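# Structural characterization, general
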Amino acid sequence: MTGMTSSTRPLLNRRLAEFGTTIFAEMSALAVQTGAINLGQGFPDTDGPEEVREAAVRALRDGRGNQYPPGPGVPELRTAIAAHQERRYGLSYDPDTEVLVTAGATEAIAAALLALLEPGDEVIAFEPYYDSYAACIAMAGGTRVPVTLRPHVDEGAGFRLDLDELRAAVTDRTRLLLINTPHNPTGTVLTREELTAIAELAVERDLLVVTDEVYEHLVFDEAEHLPLATFPGMRDRTVTIGSAGKTFSFTGWKVGWITAAPALVSAARSAKQFLTYVSSGPFQYAVAEALALPDSYFTAFREDMLAKRDLLAAGLADAGFKVFRPAGTYFITTDIRPLGTVLSEGGDGFAFCRALPERAGVVAIPNAVFYDHREAGAPFVRFAFCKQTAVLEEAAERLRKAFTR
């Protein structure tokens, strides 16, 4: 190959060698090839509020954001983010020094970890975890230390954190806790008691915390979203990450944010400016308006997703899956082993998901991709319910027919 080095050294940086094409790309390709309903990747199949979309059009036409927006984000959005945190949670942030707009939550995670970690620092994350966590820790040269969420002893009650296991995972090399609540993919919402224990541990061991709260408005039943930054001693050591994509169903706009103490925001911005620099100019103005929508929007959004959760959960249970009813997010984790079919024997979620489009005409994601301890996640499979009701009804019917013959 002309111009290529003759060295045998691999082209890909060794820190990223374990990360190939994502499972989402593979499963989405399978959905296209087979015509299956894609309940794998977590994006809505309808747009969010019309008035928010029109706000973006208005910004484009008015020439707001068509050129580089300010590095920290447009003032209107930073003010709206601060107002949202104050109104919802009683958290007061200075829009000028304590808010940073990012290219989605994924960039917020990357910027925070690149800024706050040195090579060799240990990061504790709850597995299963969103796949970018592992990659971002690796790019920063950190060492990930997984603490495994496990199914609750109560049948179908979801996954729980073992606080003793968390405490035991902290060492003198631990720099940071990476928390996600509501939790993707299990749907776990950390309780007040759990968050209190996490906060006490962080203060006691002088740890930084990055907390991914992008599903903050999607909590169901008796669950309550409680930002970790509201707990004693946590405001000045916590980087809180939010996102417009999940709350307003405009995932393609890629508008996320960080709220934190000035020193933490400054550190994250130092990394962020060399990633995207800035992004999503006109959409930032639209999201500023979205965050000011009345409470009725957020209530209706949650109730719609709750109905969809229950619809898909019933269909999965009827088909024979063990269903872990999520307390938050728009994902349902299931255990395939009770199906009792050749497809589910051995609890191999990868094989199951690769065969499912042909067997049932539905695409899902094997949870094992979100684990370091692959065997702990092997039998679990995730379905997304952020789809139109008719699509979920059809998917449920296909699964029933496939597994209840």
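The notes below deal with the structure included here. Because the structure is a prediction, the values reported are computed rather than measured. (Residues numbered from 1 in each chain as written. Predicted model: local features only at pLDDT ≥ 70, side-chain atom pairs only at ≥ 80, totals over all residues. Heavy atoms only, no water.)

### Structural notes on the overall build of the protein
Within the protein, the regular secondary structure consists of 14 helices and 15 strands. Residues classed as buried in the protein amount to 57% of the 405 residues present. Accessible area for the protein stands at about 17,000 Å²; split by element, carbon and sulfur atoms hold 50% of it. Computing the positive centroid from 39 side-chain charges and the negative centroid from 52, the protein places the two 4 Å apart. (Helix = DSSP H or I, 4+ residues; strand = E, 2+ residues; numbered from the N terminus. Buried < 20%, exposed > 50% of the residue type's maximum accessible area, 1.4 Å probe, protein only. Areas by Shrake-Rupley, 256 points an atom, 1.4 Å probe, with all protein chains shown as cover. Lys, Arg positive; Asp, Glu negative; His and termini not counted. Charge placed at Lys NZ, Arg CZ, Asp CG, Glu CD.)

### Section: the side chain of Thr-329
Secondary-structure assignment places Thr-329 in the loop between β11 (322–324) and β12 (331–335). Assessed through its relative accessible area of 0%, Thr-329 is described here as buried. Not counting chain neighbours up to four residues away, the residues in contact with Thr-329 comprise Pro-182, His-183, Asn-184, Gly-187, Tyr-215, Leu-218, Phe-220 and Phe-385. (Contact = heavy atoms within 4.5 Å.)

### Section: the packing of helix α11 (residues 295–319) against helix α14 (residues 389–403)
Each packed pair of helices is defined by two parameters, the angle between the axes and the distance between the axes. It is at 8 Å that the axes of α11 and α14 come closest, and there the two elements cross at 10°. Taken together, the axes of α11 and α14 lie roughly parallel to each other. The segment α11 lies against α14, with Lys-308, Leu-311, Leu-312, Ala-314, Gly-315, Leu-316, Asp-318 and Ala-319 engaging Thr-389, Leu-392, Glu-393, Ala-396, Leu-399, Arg-400 and Phe-403. In terms of residue class, the contact of α11 with α14 is built from 9 nonpolar, 2 polar and 4 charged. (Axes fitted to C-alpha atoms, helices over the stretch in contact; angles between N-to-C directions. Parallel < 35°, antiparallel > 145°, perpendicular 65-115°, else oblique. Nonpolar A, V, L, I, M, F, W, Y, C, P; charged D, E, K, R; others polar.)

### Examining unusual backbone geometry
Between Glu-127 and the following residue, Pro-128, the backbone shows a cis peptide bond with an omega angle of 5°. Looking at where Pro-128 falls in the secondary structure, it is placed in the loop between β3 (122–127) and α5 (131–139). Cis geometry is found at the peptide bond from Asn-184 to Pro-185, where omega equals 20°. Examined against the element boundaries, Pro-185 turns out to sit in the loop between β7 (174–180) and α7 (192–205).

### Quick look at a nonpolar patch on the surface
There is a patch of nonpolar side chains on the surface, built from Leu-114, Met-139 and Leu-275 and spanning about 230 Å² of accessible area. Here Leu-114 shows up in helix α4 (residues 104–116). Leu-114 sits in the partly exposed class, given a relative accessible area of 32%. (Patch = residues over 30% accessible without salt bridge, like charges linked within 9 Å, V, L, I, M, F, W, Y side chains within 5 Å. Salt bridge = Lys/Arg side-chain N within 4 Å of Asp/Glu carboxyl O.)

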